Amino acid sequence: MPYLTKPLILLLCLVVSGECRKHGHRVRRWTGTVETQKHGTSLAKKPPDVTKSRKTKTEHLLKVDDHDFTMRPAFGGPAIPVGVDVQVESLDSISEVDMDFTMTLYLRHYWKDERLSFTSSTNKSMTFDGRLVKKIWVPDVFFVHSKRSFIHDTTTDNIMLRVFPDGHVLYSLRVTVTAACNMDFSRFPLDSQTCSLELESCEFITCVITLITYYTDDKDFTHCLSMSLAVFAGWYNRLYINFTLRRHIFFFLLQTYFPATLMVMLSWVSFWIDRRAVPARVSLGITTVLTMSTIITGVNASMPRVSYIKAVDIYLWVSFVFVFLSVLEYAAVNYLSTVQDRRERKRRERARSQSLPCTCGISQTRTMTMLDGTYSEADTNSLAGYTEEPMGPEEEQEELHEVPEKPEHMVVHLSVSSESTTTKKKKSSLRALNIIQNTHAIDKYSRMIFPGSYIFFNLIYWSVYC
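Keep in mind that this is a model prediction, so the values were computed, not measured.

1. Some remarks on the pattern of salt bridges
Phase 1 of the analysis: This model, assessed by the stated rule, comprises 13 salt bridges.
Phase 2 of the analysis: As a salt-bridge pair, Arg247 and Glu96 come within 2.6 Å of each other at their nearest N and O atoms. Here Arg247 is found in the loop between β11 (235–246) and α4 (250–267), whereas its partner Glu96 is found in the loop between β1 (80–95) and β2 (100–112), with 151 residues between them in sequence.
Phase 3 of the analysis: Notably, a salt bridge pairs Arg238 with Glu200, separated by 2.7 Å at the nearest N-O pair. Note that Arg238 is positioned in strand β11 and Glu200 in strand β8 (residues 192–201), a separation of 38 residues in sequence. Per residue, the accessibility class of Arg238 equals that of Glu200, and both read buried.
Phase 4 of the analysis: Through salt bridges with shared partners, a single network forms among Glu96, Asp191 and Arg247.

2. Observations regarding a nonpolar patch on the surface
Phase 1 of the analysis: Side chains of Val278, Val282, Ile286 and Leu290 sit close together on the surface and give an oily, nonpolar patch of about 310 Å² of accessible area.
Phase 2 of the analysis: Locating Val278 in the fold gives a position in helix α5 (residues 278–301).
Phase 3 of the analysis: Classification of Val278 as partly exposed rests on a relative accessible area of 33%.

3. Structural notes on the side chain of Arg115
Phase 1 of the analysis: Note that Arg115 resides in the loop between β2 and β3 (126–128).
Phase 2 of the analysis: Judged by relative accessible area, which is 16%, Arg115 ranks as buried.
Phase 3 of the analysis: Leaving out residues up to four positions away in the same chain, Arg115 has contacts with Leu62, His67, Asp68, Phe69, Met71, Arg72, Pro73 and Trp137.

4. Thoughts on the UniProt feature "transmembrane region" (unreviewed entry) in the chain
Phase 1 of the analysis: Following the UniProt record, the feature "transmembrane region" (unreviewed entry) maps to residues 249–270, 282–302, 314–337 and 448–465 here.
Phase 2 of the analysis: Along residues 282–302 one finds 95% helix and 0% strand; the C-alpha atoms at either end are 31 Å apart.
Phase 3 of the analysis: Spanning residues 448–465, this segment combines 100% helix with 0% strand, and its end C-alpha atoms are found 26 Å apart.

5. Topic: the packing of aromatic side chains
Phase 1 of the analysis: Tallied over the entire structure, the rule returns 22 aromatic pairs.
Phase 2 of the analysis: Centroid distance Trp111 to Trp137: 5.9 Å. Interplanar angle 85°. Geometry classified as edge-to-face. One end of the pair, Trp111, is in strand β2; the other, Trp137, is in the loop between α3 (130–133) and β4 (141–143), with 26 residues separating them in the sequence. Each member of the pair, Trp111 together with Trp137, is buried.
Phase 3 of the analysis: Ring geometry for Trp268 and Tyr454: centres 6.0 Å apart, planes at 80°, overall edge-to-face. You can see Trp268 sitting in the loop between α4 and α5 and its partner Tyr454 sitting in helix α11 (residues 439–465), a full 186 residues away along the chain. In this structure, Trp268 and Tyr454 share a single accessibility class: buried.
Phase 4 of the analysis: Among the aromatic residues, those joined into a cluster by ring pairs are Tyr257, Trp268, Phe271, Tyr315, Phe322, Phe450, Tyr454, Phe457, Tyr461, Trp462 and Tyr465.

6. Considerations on the state of the cysteines
Phase 1 of the analysis: The full count for this structure, using the stated rule, is 1 disulfide.
Phase 2 of the analysis: Two residues share a disulfide in this structure: Cys181 and Cys195, whose sulfurs sit 2.1 Å from each other. The S-S bond linking Cys181 to Cys195 shows a torsion near -85°; that makes this disulfide left-handed. Of this pair, Cys181 sits in the loop between β7 (168–180) and β8 while Cys195 is found in strand β8, placing the two residues 14 residues apart along the sequence. Like Cys181, the residue Cys195 is buried in the burial classification.

7. Things to note about the pairing of β2
Along a regular strand, successive side chains alternate from one face of the sheet to the other.
Phase 1 of the analysis: Burial within β2 is extensive, with 10 of its 13 residues counted as buried.
Phase 2 of the analysis: With 11 bridges joining them, β1 and β2 adopt antiparallel strand pairing. Each bridged residue has a counterpart across the sheet, and for Val84 the counterpart in β2 is His109.
Phase 3 of the analysis: Connecting β1 to the next strand, β2, in antiparallel fashion are 4 residues, including Met99 with a positive phi near 55°.

8. Focus: the environment of Thr156
Phase 1 of the analysis: Mapping Thr156 onto the fold places it in the loop between β5 (146–151) and β6 (159–163).
Phase 2 of the analysis: Through-space distance from the C-alpha of Thr156 to that of Gly130 is 8.9 Å; in sequence the pair is 26 residues apart.

9. Let's talk about the side chain of Ser172
Phase 1 of the analysis: As for its position among the elements, Ser172 is in strand β7.
Phase 2 of the analysis: Assessed through its relative accessible area of 8%, Ser172 is described here as buried.
Phase 3 of the analysis: Setting aside residues up to four positions removed in sequence, Ser172 forms contacts with Leu107, Arg108, Asn158, Ile159 and Met160.

10. A look at the nonpolar core
Phase 1 of the analysis: Grouped together as the largest cluster of nonpolar side chains are 70 residues, with contacts concentrated most on Leu161 and Leu197.
Phase 2 of the analysis: Of the residues forming this core, the biggest block, 7 residues, is contributed by helix α6 (residues 311–353).

11. Comments concerning unusual backbone geometry
Phase 1 of the analysis: Following Thr154, the chain continues to Thr155 via a peptide bond in cis, the omega torsion being 0°.
Phase 2 of the analysis: As for its placement among the helices and strands, Thr155 is situated in the loop between β5 and β6.
Phase 3 of the analysis: In this structure, the amide linkage connecting Phe188 to the following residue, Pro189, adopts the cis form with an omega of 0°.
Phase 4 of the analysis: Turning to its location among the elements, Pro189 is positioned in the loop between β7 and β8.
Phase 5 of the analysis: For Met99, which is not a glycine, the phi torsion comes out positive at approximately 55°.

Conventions adopted
Residues numbered from 1 in each chain as written. Predicted model: local features only at pLDDT ≥ 70, side-chain atom pairs only at ≥ 80, totals over all residues. Heavy atoms only, no water. Salt bridge = Lys/Arg side-chain N within 4 Å of Asp/Glu carboxyl O. Helix = DSSP H or I, 4+ residues; strand = E, 2+ residues; numbered from the N terminus. Buried < 20%, exposed > 50% of the residue type's maximum accessible area, 1.4 Å probe, protein only. Patch = residues over 30% accessible without salt bridge, like charges linked within 9 Å, V, L, I, M, F, W, Y side chains within 5 Å. Areas by Shrake-Rupley, 256 points an atom, 1.4 Å probe, with all protein chains shown as cover. Contact = heavy atoms within 4.5 Å. UniProt positions renumbered as here; feature names shortened; annotations may be inferred. Phe/Tyr/Trp six-rings, centres within 6.5 Å; stacked < 30°, edge-to-face > 60°. Disulfide = S-S within 2.5 Å. Pairing = 2+ DSSP bridges. Core = buried A, V, L, I, M, F, W, Y, C linked by side-chain atoms within 4.5 Å.

Dropping the structure here:
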């Protein structure tokens, strides 16, 4: 056994010494590589990793963890003045039907929180994103009459927080808000609306938070900001931002006023069409009436259902009345024409029944009609049965030689009318009444009365609403 122990110990020592040589060779090879990069002249010096350096965290710098930010600054002390600044980016839409408006704006708040003060010799301020906003106290200002609103979050929340060393805080966010606006359409579309954007604190009353205004120099929008107090379960500060909106009239001139005026002028064309052209005048009148009804329906479809009369309603309905009166004018013309024709027919029949035929002793039968001035040539030609008979050659020779032995026969129709003389005498005194019965006079005077009345209405309308 003693002889075997010595060789085993010697073999174990050789194995241990070989492993130590291998491990030392690896360490020297790695150390040589590092030393080559460190002392090499061709490679630049590697910059230090600043993320591994130990610095003071933001929470430690602002002492966020050392204070309770669920309470307002200076809790139990005087009210905190909070400044509000609004910069309008765009006025997206205005809806008359829903009575609201949508705009995108930058809402900024200013206040002082001494708990966020810090000491810094290099930084005049520090800017943070929305993650720090969730850890500190911010004013709970909201839009009073807001229907829909949201904070933009593309690509991240559009929120900015800037803290100054003395504790002053600037809190800005980009918001799109849809707010209600009570509009008055009594002068629509020649109106101007005033819409208000109202801001108020949700939780704190006047003695805790006081909203003050910061005026901005914005050339595109004129902000009329005013302060007011409203009683709502206590005294609350409410900030009003008034926007005055003026409507452009050119769109409504093309879409509403010009078509209505053209339809009224088109209805006047029927005054120059013959009264006997019944299909032409009736179809023209009905077409203009239906077109005016379509225009009125289209305008009311894009407007809210209000209980008062708008300015555009007055213009459209007066135009509709003018178009409707042109249809009634032809109805009156047609009716009076029918009545007058019926009277003339009865008078003609009465005259024929009162005619006295007489036959004298003349061989040749001739017809002589003595008529009063009330009958025309058509009435004379309509006396059937009393035409002149042609004479033969023998009768012509006898007439030339003036032979008195052969008697001639002549039929003379004498129409006795007692109305002819009285009608002639009363023509000058009853001329005004004959205008009503004269269809041509109605059309003649309508050509002047209708355009004149419509022009007079337009002068009054545009002078009142403009």
